[in-house]
Amino acid sequence: MIALAHDTHRPPADAPGARPLPPRRRRRAVLPGFGLSAAITSLVVTTLVILPLAVLVLRAASLGPAGFAAAAWTPRARAAYAVSLSAAGIAAAVSSLLGLVVAWVLARIDAPGGRILDALVDVPLALPTAVAGLVYSALYVKTGWLGQWLVPLGIHGAYSFLGIVLVLVFVSLPFAVRVVQPVIESLDRETEEAARILGAGRSQTFFRVVLPALLPAVVTGFALSLARALGEYGSVVFISGNMPFRTEIAPVLIVARLEEFAYAEATAIAVVLLGLSVSLLVTVNALQQRLAANSQ
Amino acid sequence: MSIHVRDVSKAFGSFRALDRVSLDVPDGALLALLGPSGSGKTTLLRVIAGLEHPDAGTITEDGADVTERHARSRGVGFVFQHYALFRHMTVFENVAFGLRIRHVPRPEVTRRVEELLRLVRLEGLGGRRPAQLSGGQRQRVALARALAIRPRILLLDEPFGALDAKVRVELRQWLRRLHDEIGMTSVFVTHDQEEAFELADEVVVMNHGRIEQRGTPAEVFDRPATPFVMDFLGTVNLFHGRVENGRAFWHGIPIPVDGSDGTDARPRPARVYLRPHELDISRTASPSGAESSLAAEVVRVAPAGSVTRVACRPCGADADVQVDLPAERARDLGLRPGEMVRVTPRTARVFPVDHDYVI
Amino acid sequence: MNRPVHAAARTPTPIAVTLVVAAWAIVGLFVVVPLASVFREAFSGGVGAWWAALAHDPDTRHAIWLSLTVAPLAVVFNTLFGVAAAWLVARFRFPGRSLLITLFDLPFSVSPVVAGLALVLIFGRQGLLGPTLAALGWKVIFSWPGLVLATTFVTLPLVVRELLPVMESIGPEEEMAAVSLGANGWQVFTRVTLPTIRWALLHGVVLANARAVGEFGAVYVVSGHIAGATDTMPLRVEKLFQEYRQPASMAVASVLAGLALVTLVAKFVIERRLGAESRERQAIRAPDDPVVEAARP
């Protein structure tokens, strides 16, 4: 197999490909069920995903540029976008940071009750958001369990911007943890040990070796949290107080418009929100491909 | 059952896995498809099994065209490289699967499966799950499962690839005996020439989706048809030289060219191949004269079981020559690195320079 | 989860202690305290009051019944879709495949409210199919079919997302082997595919069910919020909250929270099975273990 005196002259590897391919027959799959599964999948995706969202966009488009701007860009709508984006942005950032701590403990430290901690992280995925909203508002009002201490200090966790951020952190925390955790588990400890041997201190090792390796996962977790937080409705509606211009998020405004039968305005705001979600989804996909490529 | 593959081509995207391959497998033969990875050997096997559909060409079995027949109704026994055992079923249920699909009556299933488990020496393990078996045992379950449907063709994809060296040798001797007992047409894929030579009646060497050579192990090894086959089958010393009157010239000394009748007097450039075991080492010039041997310095001596591998550097050359001596002879000579010896080539194989190839 | 074996033997560093305390504080503040608070508030008036709030209010009883109908229906649709979609994407290569995978994820990133609105624009009275449905006498929006559609949309990715990675890591070889042994499509699916993906499928079903029972935004928009007719349990929680009937609201919430806890336990059990199967999968592909081989008869 090994030529000892190596021959240097080799023709390019693609030489046989120079001849034309023979005509292709219709490909037949060996595994069954292509037709059936393709039919079911395309039926569901078309009727349930593509068609409704297309109708939404077409409805908005039928307003014309001026009509769309008038419907989607009212002062109240602009305020709602601002509240939505800032609350979701802050919540996603907080989630990412807190999620990193929790993920690190779950992945690296044999903490007391580690398994329970691990299971509790998934509570927000299983608990209905309406329940979360209800109980958070009950906790942070003046008479609530936590509110009785916090409100006298001037910290209003219910019917306020802070309340929105709190429930959004709750809702997005599992995403932030679960994206980062497997990456920490797969980190090569020898790299850290090599850094330590080369004289790096504990914090230098973390900030120069560990964090750069985790950053794509943290950013992906942030984007997922942001996407989740931007669209959240059920929990926020309980705790925000829904005051226009101050604590009204975009989804709440959509519902408000809908209940006034102002379909055009509701649709226009929904399309803005949809655009944000889709661009976030595209970003997350790109990030996750980077993440997969890095881990190989 | 005989198999005839005619002008079969198969491409995956722009990668051409099979390029107009034709192959006849006679009834009852045990044939090895040998080649490096990407040579198309596994694709050819899967095309024969109906697991891949060829882009062009036909497959016939005993004269019947089966190209368009679905893998389900080919009735071919196939042993997958990683065995593809049904992990959620017991060994017994794995072997019984094909029989249950065919609605074979229960007592008959039990009888046949137990017979097969005896055949593959797994009696008593029918209740185990694949995860509870060793690699060699899984391999034999896969074989029993393929044999259960009484196929007239047995196809094996790298049957010993995932096993450790010792088990591998045991299993392939056992498989050879099994083939001789059952006598069905069998084709297996391997990248290991030792495996191909030990097990098969005939070896088909493949490269780049084409067949380079087909023949008995002895034919393929002794008379490689192409430089690729020469190179692929074990270590070779290769140099560019000159051929004249049936003799190749190496550092000025003539070597008889294998298979040449000596009639071609025209001198021409050639690639000359010397197998390590076709070179000899001695301390003094051989009786036939100094002109047939070359002075060289011993560089390295490495005992490797029945042979001892010696690397020599001919005087004035810039590359080492590999010589395999029988261990006994090496012991008698007592070679040491740094000492001067005579290297005598017994025979050489020559391919014209324009007969080029790629791996 | 991989736990370092040697960690217990080491004395914990101050940093490790700090991190563990921080993690428990985070999860405690954001998860444990609210969860405990649901039950504390729900039972603050005693078990009798809790039971009365649930059982003696016909609208609440109807909401519980409606949730227990709508969620399973959505889960059934999702299971059928999820299995078909995972089979299609994991076993075949075709143009548009990666776009399709992205479309599977779309319902996760679209706000449920936006999804509900889109359904209203199609099936509502002013919607695309509104006149047709009215002529047929079918009511989708402000009725249970709308609830099922909205819930199915929101939970659509859950089953596929669970099946896809498992099916891709198992690979098609076992199914190919079944085909070469003579199995037809249905036999391949029921005898080989389904048994190998059953835990992943169950995992997806449990998650989809939890999400379906708890869905609020999309359902809120399409339901019309009619008490005793189109209110599901989460909608009932909100209605009671708006009516300043906090104890009753908390009682319904506690049932939902209880369901969430059951989901978590089920999820935990299923994940252990999934973990065991994935380890088994790796072991089966790993090179031979000579110790085991030596024990061969």
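Residues numbered from 1 in each chain as written. Chains lettered and ligands numbered in written order. Predicted model: local features only at pLDDT ≥ 70, side-chain atom pairs only at ≥ 80, totals over all residues. Heavy atoms only, no water.

Undergrad: Tell me about the overall build of chain B, residues and numbers included.
TA: Looking only at helices and strands, chain B has nine helices and 20 strands in total. With respect to the principal axes defined by its C-alpha atoms, chain B has extents near 80 × 45 × 35 Å. Buried residues in chain B amount to 57% of all 359 residues. When contacts within chain B are restricted to residue pairs at least 6 apart in sequence, long-range pairs at least 24 apart make up 67% of them. Of the roughly 14,500 Å² of accessible surface on chain B, a fraction of 50% belongs to carbon and sulfur atoms. Averaged over its 48 positive side-chain charges, chain B has a centre that lies 6 Å from the centre of its 47 negative ones. (Helix = DSSP H or I, 4+ residues; strand = E, 2+ residues; numbered from the N terminus. Buried < 20%, exposed > 50% of the residue type's maximum accessible area, 1.4 Å probe, protein only. Contact = heavy atoms within 4.5 Å. Areas by Shrake-Rupley, 256 points an atom, 1.4 Å probe, with all protein chains shown as cover. Lys, Arg positive; Asp, Glu negative; His and termini not counted. Charge placed at Lys NZ, Arg CZ, Asp CG, Glu CD.)

Undergrad: Explain the overall build of chain A to me, using residue names and the numbers behind them.
TA: Scanning chain A for helices and strands turns up 13 helices and zero strands. Along chain A, from the amino end to the carboxyl end, the secondary structure elements read α-α-α-α-α-α-α-α-α-α-α-α-α. Looking at chain A residue by residue over its 296 residues, the buried ones come to 52%. For chain A, the share of sequence-separated contacts (at least 6 apart) that also reach a separation of at least 24 residues comes to 75%. A total of about 13,500 Å² of accessible surface is found on chain A, and carbon and sulfur atoms cover 67% of it.

Undergrad: Describe the pattern of salt bridges, with residues and values.
TA: Side chains bearing opposite charge may pair, as long as their charged atoms lie close to each other. Applying the stated criterion across every chain, the model contains 41 salt bridges over all chains. A salt bridge links Arg-16 of chain B to Asp-19 of chain B, with the nearest nitrogen and oxygen atoms 3.2 Å apart. Across the pair, Asp-19 of chain B and Arg-16 of chain B agree in class, each one buried. Residue Arg-172 of chain B is joined to Glu-194 of chain B by a salt bridge in which the shortest nitrogen-to-oxygen separation is 3.0 Å. With Arg-172 of chain B in helix α5 (residues 165-182) and Glu-194 of chain B in helix α6 (residues 193-199), this pair connects stretches of sequence that are 22 residues apart. Assessed through its relative accessible area of 2%, Arg-172 of chain B is described here as buried. Taken together, the salt bridges that share partners define one network made up of Asp-118, Asp-122 and Arg-178 of chain A together with Lys-267 and Glu-271 of chain C. (Salt bridge = Lys/Arg side-chain N within 4 Å of Asp/Glu carboxyl O.)

Undergrad: So, the sheet that holds strand β2 (residues 15-25) of chain B: which residues are in play, and what are the values?
TA: The sheet built from four strands is open, its strands ordered β2-β1-β4-β5 (chain B) with antiparallel pairing. Across the chains shown, the open sheet's two edge strands, defined by having one partner strand only, are β2 and β5 (64-65) of chain B. (Pairing = 2+ DSSP bridges.)

Undergrad: How would you summarise the packing of helix α1 (residues 34-61) of chain A against helix α4 (residues 97-109) of chain C if you had to cite specific residues and measurements?
TA: Relative orientation of the contacting elements α1 of chain A and α4 of chain C amounts to 55°, with a least axis distance of 11 Å. It follows that α1 of chain A is oblique to α4 of chain C by the angle criterion. As α1 of chain A packs across α4 of chain C, the resulting crossing turns out to be left-handed. Across the interface between the two elements, Thr-41, Val-45, Val-49, Ile-50 and Leu-53 of chain A from α1 of chain A touch Leu-100, Leu-103, Phe-104, Leu-106 and Pro-107 of chain C from α4 of chain C. (Axes fitted to C-alpha atoms, helices over the stretch in contact; angles between N-to-C directions. Parallel < 35°, antiparallel > 145°, perpendicular 65-115°, else oblique. Left-handed = near helix turned anticlockwise from the far one by under 90°.)

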